[in-house]
Amino acid sequence: NRLASEALVKKLPYRGYTVTPISESDIVELCELRTVVEGSVAALAAQRATPDEVDRLEQLAPLDYIPGDRTTYELYLQANRRFHAAVARCARNGKMEALVLSLLDQLQRPFYLRLDIGLPSEEATAEHLEVVDAIRQRNPVRAQSAHVRQLESTRVFMLRALGRSGAI
């Protein structure tokens, strides 16, 4: 029922469920919402994070995977989720944190497609470190801007991956 309420599966009367296809409009809408929410979260984190929390964000920032090696995809996605959840936790707003986690869950399938086309993990790590640096400098405007740029990069890669997969 939860998967159906999140539009990840569709209920077929008297037959069960089917997985809903990934659509370009779903990715665009989720990414727009993610930009609004996570940009604000990063700005709040820059105002509220403790020095220990910022050190933890820096530890969580690195992302690495090997294109074509599915076992490293899962590790990459877990590391990315931990980083974004930690930034949200630094904002000290439980509702925003829950929304960030929900959006990450809803974007899980497109994230896998993105990894299939070969995302430069060094670039993703650099984007995370830019967010961390802005939070460390207690600069909410820069933190929000850096986070939004990172999310836009992710959106572009997901849409490119979706087009290559033939799912749209």
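About the criteria used
- Counting starts from 1 at the beginning of each chain's written sequence and moves along it residue by residue.
- Since the coordinates come from a predicted model, pLDDT governs what is reported: local features require at least 70, and pairs of side-chain atoms require 80 or more to be given and counted, while whole-chain, interface and lining totals use all residues.
- With hydrogens and water stripped out, all remaining heavy atoms of the structure feed into the side-chain values.
- Per the convention used, a helix needs a DSSP run of H or I reaching at least four residues, while a strand needs a run of E reaching at least two, with both numbered from the N terminus.
- Only protein chains enter the accessibility calculation, which uses a 1.4 Å probe. A residue is then buried if its area is under 20% of the maximum for its type, exposed if over 50%, and partly exposed in between.
- Any two residues whose heavy atoms approach within 4.5 Å at even a single point are treated as in contact.
- All accessible areas in this document rest on Shrake-Rupley with a 1.4 Å probe, and a residue is counted as covered only by the protein chains that are shown.
- Counting of polar contacts relies on pairs of N or O atoms within 3.5 Å, with two restrictions inside protein: one atom must be capable of donating a hydrogen and the other of accepting it, and residues adjacent in sequence are counted only when both atoms are side-chain atoms.
- Any pair of Phe, Tyr and Trp rings, taking the six-membered ring for Trp, is counted once the centres come within 6.5 Å. Such a pair is stacked with planes under 30 degrees apart, edge-to-face with planes over 60 apart, and tilted for the rest.
- As a reminder, the over-ring test applies to NZ of lysine and CZ of arginine, requiring each to be within 6 Å of the ring centre and within 35 degrees of the ring normal.
- Put simply, buried Ala, Val, Leu, Ile, Met, Phe, Trp, Tyr and Cys residues joined by side-chain atoms within 4.5 Å make one nonpolar core.
- At least two DSSP bridges between two strands are needed for those strands to be called paired.
- Multiplying 1.5 Å by the residue count of a helix minus one yields the expected span of that helix.
- In this context, the arc is that of the directions from the helix axis out to the C-beta atoms.
- Here an axis means a line fitted to C-alpha atoms, over the contact stretch when the element is a helix, while the angle between two N-to-C directions is reported on a 0 to 180 degree scale.
- Should an angle fall under 35 degrees it is called roughly parallel, over 145 degrees roughly antiparallel, and 65 to 115 degrees roughly perpendicular, with every other angle called oblique.
- Under the convention adopted here, Pro, Cys and the residues Ala, Val, Leu, Ile, Met, Phe, Trp and Tyr are nonpolar, Asp, Glu, Lys and Arg are charged, and Gly plus all remaining residues are polar.

Let us now look at the overall build of the chain. Of the regular secondary structure elements, the chain holds eight helices and two strands. Scanning the chain from its N terminus toward the C terminus, one meets helices and strands in the order α-β-β-α-α-α-α-α-α-α. For the chain, the C-alpha atoms occupy an extent of roughly 55 × 35 × 25 Å along the three principal directions. Residue burial in the chain is summarised as follows: out of 168 residues, 42% are buried. Residue pairs in contact within the chain that sit at least 24 positions apart in sequence constitute 75% of those at least 6 positions apart. Of the roughly 8,800 Å² of accessible surface on the chain, 54% is carried by carbon and sulfur atoms.

Take histidine 128: it is sitting in helix 7 (residues 121–136). A relative accessible area of 0% places histidine 128 in the buried class. Looking at histidine 128, its side chain comes within polar contact range of the side chain of asparagine 80, at 3.3 Å. Ignoring anything within four residues of it in the chain, the contact list for histidine 128 reads Ala61, Leu63, Asn80, Phe83, His84 and Gln150.

What follows concerns the packing of aromatic side chains. Applying the stated rule across the entire model yields zero aromatic pairs. If you follow arginine 160 out to its NZ or CZ, it ends over the ring of phenylalanine 157, 4.9 Å from the centre.

We now examine the nonpolar core. Grouped burial of nonpolar side chains is what soluble globular proteins tend to show. Counting 43 residues, the largest nonpolar core has Ile27, Val41, Leu57, Phe83, Val87 and Ile135 as the members making the most contacts within it. Broken down by secondary-structure element, the contributors of at least two residues to this core are helix 2 (24–48), helix 3 (51–60), helix 4 (70–90), helix 5 (94–106), helix 7 and helix 8 (140–165). Residues within four places of phenylalanine 83 in sequence aside, it is in contact with Leu57, Leu60, Ala61, His128, Val131, Val132 and His147.

This part takes up the pairing of strand 2 (residues 16–19). Bridging between strand 1 (residues 9–12) and strand 2 involves four bridges; their strand directions are antiparallel. What sits directly across from leucine 12, in strand 2, is glycine 16.

Quick look at helix 5 now. Across its 13 residues, helix 5 extends 18 Å between first and last C-alpha, which sits within 8% of the 18 Å expected from 1.5 Å per residue. Regarding helix 5, the residues found buried are Met96, Glu97, Val100, Leu103 and Leu104. Taken down its axis, helix 5 places every buried residue within 125° of arc, on the same side. Of the residues in helix 5, the exposed ones pointing more than 90 degrees away from the buried face are Gly94 and Lys95. Regarding helix 5, its N-cap is asparagine 93, as a side-chain oxygen of that residue lies 3.1 Å from the backbone nitrogen of lysine 95 further along.

Where helix 3 contacts helix 7, the axes come no closer than 9 Å and their chain directions differ by 170°. Here helix 7 runs roughly antiparallel to helix 3, going by the angle between their axes. Counted together, Val54, Asp55, Leu57 and Glu58 of helix 3 and Leu129, Val132, Ile135 and Arg136 of helix 7 form the full contact between these two elements. A per-class count over the contact of helix 3 with helix 7 returns five nonpolar, no polar and three charged.

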